[in-house]
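# Notes for the structure review
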Amino acid sequence: MASTIEDRTLSPILQALNALYTGSNRQTKEQAGQFLEQFQKSQEAWTISHTILSSPSLPIESKLFAAQTLRSKVIYDLHQLPAEGQLQLRSSLITLLGTYTAGPKIILTQLCLALANLAIQLVQWKSALEDVIRACGNDAASAPIVLEFLKVLPEEASDVKKIPLSEDELKERTRELLENNAMQVLNILVAYVTSANTPQSSHALIFECLNSWLREVPLETIVNSPLLNIVFQALSNDDLFDAATDCVCSMIRETRDLDDESDIVSTLYSKVIELRPRIAESKDDPDAFRNYTQIFADAGEVWHMVIARQPRQFKSLVEAVAECAAYDEDLEVIQFTFYFWYLLKQMLILDRYEDAKRELRDVFLGLVDVLINHLHYPYEERNGDLFGNNKEQEEKFRAFRHEMGDVLKDCCAVVGASFALRKAYTKVNDYLQAQNMGENIPWQDIEAPIFSMRAMAREVDLDETHVLPDVMTLLIRLPDHKKIRFAVTLVLGRYTEWTAKHPEYLEAQLTYITNGFYVNDSDIAGAAAQSMMHFCRDCGQHLVNYIDQLHDFYEKIAPQIRVESLYDLTDGVAHLVAAQPLDKIYNSLKMFCAPIVARLYSRANAPADEAGYRKIADEVELLDTFARLVHPQIEPGNPDPCMQFWSEVWPLIDRLLDNHGQSTCVSERCCKFIRTLMYSYRTSFFSLLGPVAEKLVVCFDKLHYGCYLWASGIAVREYGNEYSDQNIQNAVWEFAFRQSISTFKYMSTVNIADIPDVIEDLFRLLSNLITSYPYRFIPSELCKPSVDAARAIFTTENKEPIFTAMDLLHDIFSYGFTTPPVSNIMFNDAGEQYYDANAVPPEIQGIVRQIVLAEGEMLTRQVFSGLLYTFPRECVSDGTSVLLVLLKLAGLPNAVQWVNSTLAMLPATAMTQQEKEKYLSAVDSAIQSDDMNRLRRQTMDFIGWYTRRNVTPRSEIRRIGDARDMRFTFAS
């Protein structure tokens, strides 16, 4: 009868596993997965998993599932078992380990993970290690069980996010399980590794176990034990190579904080250097070479300060890393060395290590040659492409080149940029001479050193005259191969600051670049646009008188190049317009922008599709570039010639929004343009502020796009302050008030979870309002709806709106105290500024406190609910700030009562009464002593502890009590 019930219970699970592993129907597999997931959460999963694992006839897939179930239940569901059941679980897991001594290893590992997590949580189990070792025995056959358990125990104890213990409990448990047993574990490992009865197959597991315990066992003890030699000897054993490598690297890392003169560092260094001949020996074995490179790179990183202090003694290590970097079969392996070169460079550029820099200079010079060789594109094409049409491989190589460029900069800092640049120049010149002699030189050989020149540009002094004149003369007469022209064009763009100081090279370089626009290659045209941008930025003083020719060129080229390249080119010419004398700026700006305006007028009056909207947005972006960069310094009271022009353009923007504002890209780009006008022209924008503000209100009423609120918030921030006259401040308040009321009305008609962008932009607008107009905002019709809107957004899981809602609430509630949250700049009768520390009027404080008393208990519950269950983890700090200012305003006894009523709604199993009273006592004490910093720490510790214990992937509860979804309502 019992067997029949057991079969009936197991049957659905086995069927679901079969469907999951062997089924072909997607829907069936999904249903099976959901069924098994629900099973894992159930109470009966404990018993059924044991039954499956104890049944020799069942397939390995079902046993693996059962072992994984036990592991996850120990982590997430241990509270389902009473104290007696937890002790029975301990015994049954140890018994199961004995059943799977011979494997499969994957099941043994899952069972060890379950037992390790049980040992961590079962704090009354003081002799966990001794009991497991005693139960398993100390013979060779039991070695896999003991070693696997010892290996996973420190790893699981370090994963604090899934351990449901308080910080203090975990610290104490770690001390009991790890620190107190470290020497015993080391002795066990030594006994195993030196025993003739231990099978060779267990040695890798011994090393993995040692690796897990390295943080717990004093490194000096390991270095002075037989384990050190055994680990290094194991590097010669193919079966143990990976595990031994990990051990060696971990030991090296553990010396990070040791003194230079440490015997441990000396011992490990001598062992590592003995491995250097294996670099050359392993070049035909990529896996072995990777491991040795990892060892030498890690040693270099950890000991880079020692190298700088003792360069002669440790130079062999630097040379070994350089030898690894010279390997050209696997570029990923070479990347292991990059961070070492950076760290060492950071030391060598210090004056105190000048001797070390001289000692190691030759290594860095050689590294320059190595890196240039690695920069080569592949020589052979596959399927008509250098990367065999593998875009991922191509992007990976491009990224790798830029990383090597950073290492080249490090070399320049050590050996001097002129010396490094001379190496690149010499390579290009030698190749060019060989080509002139009739030798066939692949373009890759010429392009690579050119790329290196580009990478080194920032390190080259603007007064450099030893190499750069030769470089500039050479570059513009190189073979006209597309890849070479592309590289040269970008190099010229990187050295424009140097060219500005050496204008005799300017004309030839500009000719080379402008010719690139006429090459039938979009990449070269893009590079030319980028370089032209830099020339106009940095050499503008030499080009001011050529603006008419540049305009003709701009108009001719603009229709022929990609829009991204046009943006770069426009950026360049805008810099040149900005460099014009003040009396010429209006005409220069109009000359470049008039064709853009004309094209936009033709589109403004015509219907458009998505492609048309995109074209409009691109053209507005060009206007935005001019507005962003062309803003001359104007004496107060004088008219701004640029604003004169933009006032003429405004009717066009107005019409675009009327006819095409329904396109989000058109609306967003026009709002960005408005933002730029406000930022660039400040008070000169006053003449347009009225019509622009009205347009923002009208467009939001019509379209409900967040960008109009975003632009409105910028207007408040820019003009709702003491730098604007009172009439402007009043007008800005009225406009922002209308915009906010309109948004509240709209929010009442929709589910706010569906419009996160609008909500985020509204909260930013409201935050700007309360910063600029705190004593108008708080008594107004905006304050209470703002709090309600924040409360409503807390019931969603949209990260950015939650962040901005927290900022807004914190700003509002901060005016409930005597001292304002930001400095109020006041003026005395003499016109002198002073800070009024008691600026918040009592009536303002009273309004805020009244809101807190009315909404505080529910808001406390909602914020707590979010902090414990729904808020993204990045929001915890800001959420805690809101909670604390709320509790501080509430005072006693309200604060304690609100927190107590919130905690009372948590599941009964979530915490003990003692744990609850401990936190309530902290709240009471902190508010009495006004020590909110201490309460912040205690609150964040409480949240971290609670979520580790109670909030898991299995959690059914997603919020506290009635902190449910709420619909925002607004009655105007």
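Throughout, a residue's number is its position along its own chain's written sequence, starting from 1. At least 70 in pLDDT is required for a residue's local features to be given in this predicted model, at least 80 for side-chain atom pairs to be given and counted, and no such filter applies to totals for whole chains, interfaces and linings, which use all residues. The side-chain numbers reported here are obtained from all heavy atoms of the structure, hydrogens and water having been left aside.

## Structural notes on the overall build of the protein
In plain terms, the rule: Numbering of helices and strands starts at the N terminus; helices are DSSP runs of H or I of at least 4 residues and strands are runs of E of at least 2. Three labels apply to residues, based on accessible area from a 1.4 Å probe with only protein chains included: buried if under 20% of the type maximum, exposed if over 50%, partly exposed otherwise in between. Any two residues having at least one pair of non-hydrogen atoms within 4.5 Å are treated as being in contact. Calculation of accessible area relied on Shrake-Rupley with a 1.4 Å probe; when residues are assessed, cover is drawn exclusively from the protein chains displayed. We treat Lys and Arg as the positive residues and Asp and Glu as the negative residues; His and chain ends play no part in the count. By convention, the charge on Lys lies at NZ, on Arg at CZ, on Asp at CG and on Glu at CD.
Of the regular secondary structure elements, the protein holds 49 helices and two strands. Expressed along its principal axes, the backbone C-alpha trace of the protein runs to roughly 95 × 85 × 65 Å. Counting only residues that meet the buried cut, the protein has 55% of its 972 residues in that class. Nonlocal contacts in the protein, meaning residues at least 24 apart in sequence, comprise 74% of its contacts between residues at least 6 apart. Total accessible area computed for the protein in this model is approximately 43,000 Å², and 48% of it derives from carbon and sulfur atoms. Averaging the positions of the 91 positive and the 130 negative side-chain charges in the protein gives two centres separated by 3 Å.

## Some words on the environment of Cys-699
Tracing the sequence through the fold places Cys-699 in helix α38 (residues 686-703). The class for Cys-699 is buried, based on a relative accessible area of 3%. Taking the C-alpha atoms as reference points, Cys-699 and Ile-349, 350 residues apart in sequence, are found 57 Å from one another.

## Thoughts on the packing of helix α22 (residues 354-374) against helix α24 (residues 417-436)
Counted only if it meets this: Every angle, taken between N-to-C directions, lies between 0 and 180 degrees, and every axis is a line fitted to C-alpha atoms, over only the stretch in contact when it is a helix. Should an angle fall under 35 degrees it is called roughly parallel, over 145 degrees roughly antiparallel, and 65 to 115 degrees roughly perpendicular, with every other angle called oblique. Less than a right angle of anticlockwise turn of the near helix away from the far helix marks a crossing as left-handed, whereas a clockwise turn marks it as right-handed. Residue polarity is assigned by list, with Asp, Glu, Lys and Arg as charged and Ala, Val, Leu, Ile, Met, Phe, Trp, Tyr, Cys and Pro as nonpolar; anything else, Gly included, falls into the polar class.
The contact between α22 and α24 brings their axes to 10 Å, and the two run at 40 degrees. Classed by the angle they form, the pair α22 and α24 counts as oblique. Read as a crossing pair, α22 and α24 show a hand that is right-handed. Contact with α22, carried on its side by Arg-361, Leu-365, Val-368, Asp-369, Ile-372 and Asn-373, involves Phe-419, Ala-420, Lys-423, Ala-424 and Lys-427 of α24 and no other residues of that element. Looking at the contact of α22 with α24, its residues break down into six nonpolar, one polar and four charged.

## Some points on the nonpolar core
Across soluble globular proteins, nonpolar side chains have a tendency to be buried as a group. Test applied: What we call a nonpolar core is a set of buried Ala, Val, Leu, Ile, Met, Phe, Trp, Tyr and Cys residues that are connected through their side-chain atoms within 4.5 Å.
Grouped together as the largest cluster of nonpolar side chains are 359 residues, with contacts concentrated most on Trp-303, Trp-341, Phe-626 and Trp-646. Per element, the largest residue contribution to this core is eleven residues, and it comes from helix α6 (residues 105-121).

## Here we look at the confidence of the model for the protein
Cut-off, in case you're wondering: For every residue, the predictor assigns a confidence score, pLDDT, that lies between 0 and 100.
Per-residue confidence for the protein gives a mean pLDDT of 91, with 96% of residues at or over 70. Across residues 1-6 the pLDDT falls below 50, and counting only partners more than four positions away or on other chains, this stretch makes one contact in the model.

## Some points on helix α46 (residues 876-890)
Cut-off, in case you're wondering: What a helix is expected to span follows from its residue count: subtract one and scale by 1.5 Å.
With 15 residues, α46 should cover 21 Å at 1.5 Å per step; its first-to-last C-alpha distance of 21 Å lies within 8% of that length. In terms of burial, α46 is a largely internal element, twelve of the 15 residues being buried. Among all positions of α46, only Val-876, Gly-879, Thr-880, Ser-881, Val-882, Leu-883, Leu-884, Val-885, Leu-886, Leu-887, Leu-889 and Ala-890 are buried. Trailing α46 by a residue or two, Gly-891 shows a phi angle of about 70 degrees, which is positive.

## A short note on a negative patch on the surface
Note the cut-off: Each patch groups residues whose relative accessible area exceeds 30% and which form no salt bridge, using 9 Å between like charges and 5 Å between nonpolar side chains of Val, Leu, Ile, Met, Phe, Trp and Tyr. By convention in these notes, a salt bridge is any Lys or Arg side-chain nitrogen within 4 Å of a carboxyl oxygen on Asp or Glu.
Residues Asp-238, Asp-239, Asp-242, Asp-246, Asp-284, Asp-285, Asp-287, Asp-328 and Glu-329 make up a contiguous surface patch of negative charge. Residue placement: Asp-246 occurs in helix α14 (residues 241-253).

## Considerations on the state of the cysteines
Rules: The disulfide definition used here is simple: a pair of cysteine sulfur atoms within 2.5 Å.
Counted under the stated rule, the structure contains zero disulfides. This cysteine, Cys-593, is not joined by any disulfide, and Cys-642 carries the nearest cysteine sulfur, 9.3 Å off. A disulfide-free cysteine, Cys-671 has its sulfur positioned 3.7 Å from the sulfur of Cys-707, the nearest such atom.

## As for the pattern of salt bridges
Taken as a whole and assessed by the stated rule, the structure comprises 51 salt bridges. Glu-619 is paired through a salt bridge with Arg-599; the nearest N and O atoms lie 2.8 Å apart. Placement of the pair is Glu-619 in helix α35 (residues 610-629) and Arg-599 in helix α34 (residues 582-604), with a sequence separation of 20 residues. Judged by its relative accessible area of 13%, Glu-619 falls in the buried class. Measuring nitrogen to oxygen at the nearest pair gives 3.3 Å for the salt bridge that ties Asp-930 to Lys-888. Of this pair, Asp-930 sits in the loop between α48 (913-929) and α49 (932-950) while Lys-888 sits in helix α46, and the two are 42 residues apart along the sequence. What emerges from the salt-bridge pattern is a single network uniting Lys-105, Glu-148, Lys-151 and Glu-208.

## Observations concerning the environment of Gln-444
Tracing the backbone through its elements, the reader meets Gln-444 in helix α25 (residues 443-456). A relative accessible area of 4% places Gln-444 in the buried class. Once you skip the residues sitting within four places of it in the chain, Gln-444 turns out to touch His-376, Tyr-377, Pro-378, Tyr-379 and Leu-386.

## Some details on the packing of aromatic side chains
As a reminder, the rule being used: Here a pair means two rings of Phe, Tyr or Trp (six-membered ring of Trp) with centres within 6.5 Å. Their orientation is stacked below 30 degrees between planes, edge-to-face above 60, and tilted elsewhere.
Within the structure shown, the criterion is met by 36 aromatic pairs. Aromatic pair Phe-241 and Tyr-292: ring centres 5.2 Å apart, planes at 50 degrees, arrangement tilted. Here Phe-241 is found in helix α14, whereas its partner Tyr-292 is found in helix α17 (residues 286-302), with 51 residues between them in sequence. On the numbers, 5.6 Å between centres and 70 degrees between planes, the contact of Tyr-554 with Phe-592 is edge-to-face. A residue pair is termed long-range when its members are at least 10 positions apart, and Tyr-554 in helix α32 (residues 547-557) and Phe-592 in helix α34 qualify at 38 residues. Neither Tyr-554 nor Phe-592 differs from the other in exposure class; each is buried.

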